[in-house]
Structures are given as structure tokens and as C-alpha cells.
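The chain contents come next:
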Amino acid sequence: QDLFDRVIERWRLTGNTVLIAGTDLVDRTIDAEDIFTFLDGRLAERFILQAGDVNRRLASFERQPDAEGRYRVNECYCHDTTWQLALAELLRTSDVVLMDLRNFVAANKGCLYELETLSTAAGLNRVVVLVNDRTELPAAQAATAMAPAGRFVWLTQQGDAPPATEQVLAPLLGTPAR
């Protein structure tokens, strides 16, 4: 969570950020705006329940920077029946992706689907993947076999300390790591 917060705070200075979150992650990503939306009885608007909701939700994103120059984090809360549709639509306008595969196991078919989709997405420049010593790396890398050379950057977490913010941001933003 700490790494996510640090990366997002810097990433928000460069452009739009979209997070696909399952219903199981709502409590980790909730913010003040979400609370007010809940109190107003409009929280259901944030969820993509069926195919027809994908474009409606994406059209509701805040795409302009706030007064201080930071872009908002736009969130898609998806169900098992809609996350693949949301991913496909988001990839039409995405140029970089950050994916956390720490503790990934090959039985996680959803992650394998995402990796395969990211491998073949047109217009996608870079995918930065966080892994650790418990990640089943051969399965993850096999799912990316169709990707253009250099699209995937694999960052390995050493021990319990997550990678440094700059180490994650450099390949995302196309800047050399210091």
C-alpha cells in the first residue's frame, strides 16, 4: 500500500491514472470523494456491473488536472463479469501499465489473462511488473511471450522492502533510473 501511494502521488503529476479494482479492494482505495458519493446514495455509479456500464463509467472520468496540476485517480470497480471488458477499453487509450504480481501463483488465471492481453495490446509502450521471491515468474513470463521486445519491465522486490519509488517510476515515465 505504501509503494502504491508513493508511486501514485508522483504519477498524478504526469497524466491520467486509472485503477481497475475488484470489489474486494474497495476498502483499500476509498477516499473522501467516495465517502461523499456513498452518503449521497450514488456509490453504485462507480461500479461496472454489466457490459453497458463500461463506456458510461469511462466517460465519467475526470481527465483534466485539478487546480494544483495533479490529475485524479479514476477508479473502476468491476465484477468478475466486467473486468475484462473494462481492461480492453482502458487499453485503447493507455500507454503504460503498472501491475503488482508479488505473490502471484500460476493458478491465478485472471492475472495470466491480463498479462496475455497486455502483451498484444496495440499502442501500449511499457508494462512495469512488480514481483518478489514468491512470484511464480516462469508462468508470468510465459504469458508475455507475444509481447514486443522491451514492453515488459520486471522489478524484483528484495526481501520485505518494496522497490524504491524512482525505480518504479523511471520505466513508467520513460526516464532513466538514478
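Whatever comes next refers back to the structure up there.
A few points on the structure.

### A word on the overall build of the chain
- Broken down by element type, the chain carries eight helices and six strands.
- The helix and strand sequence of the chain, counted from the amino end, reads α-β-α-α-β-α-β-α-β-α-β-α-β-α.
- For the chain, the residues scored as buried account for 38% of the 178 residues in total.
- Of all intrachain contacts in the chain linking residues separated by at least 6 positions in sequence, the fraction that spans at least 24 positions is 77%.
- Carbon and sulfur atoms make up 53% of the accessible area of the chain, which totals about 10,100 Å².

### Remarks on the packing of aromatic side chains
- Applying the stated criterion across every chain yields a total of two aromatic pairs.
- A ring pair is formed by Trp 83 and Tyr 113, whose centres lie 5.5 Å apart and whose planes are at 90 degrees; its orientation type is edge-to-face. Separated by 30 residues along the polypeptide, Trp 83 in helix α5 (residues 83-91) and Tyr 113 in helix α6 (residues 109-120) bring together distant segments of the chain.
- Centre to centre, the rings of Phe 152 and Trp 154 are 5.8 Å apart; their planes meet at 20 degrees, and the pair counts as stacked.
- Under the relative-accessibility criterion, Phe 152 is labelled buried at 13%.
- In this structure Trp 154 comes out as partly exposed when scored by relative accessible area, which is 22%.

### Comments concerning the nonpolar core
- If you look at the biggest cluster of nonpolar residues, it comprises 28 residues, and the most contacted ones within it are Leu 101 and Leu 118.
- When residues of this core are traced back to their parent elements, those giving at least two are α4 (53-59), β3 (73-78), α5, β4 (96-100), α6 and β5 (126-131).
- In terms of residues, this core owes the most to one element, α5, which gives five residues.
- Among all residues touching Leu 118, those that are not within four sequence positions of it are Leu 91, Val 97, Met 99, Leu 124, Val 127, Arg 151 and Phe 152.
- With 11 residues, the next largest nonpolar core counts Trp 11, Val 96, Leu 130 and Leu 155 among its residues.

The rules behind these values
Residues numbered from 1 in each chain as written. Predicted model: local features only at pLDDT ≥ 70, side-chain atom pairs only at ≥ 80, totals over all residues. Heavy atoms only, no water. Helix = DSSP H or I, 4+ residues; strand = E, 2+ residues; numbered from the N terminus. Buried < 20%, exposed > 50% of the residue type's maximum accessible area, 1.4 Å probe, protein only. Contact = heavy atoms within 4.5 Å. Areas by Shrake-Rupley, 256 points an atom, 1.4 Å probe, with all protein chains shown as cover. Phe/Tyr/Trp six-rings, centres within 6.5 Å; stacked < 30°, edge-to-face > 60°. Core = buried A, V, L, I, M, F, W, Y, C linked by side-chain atoms within 4.5 Å.

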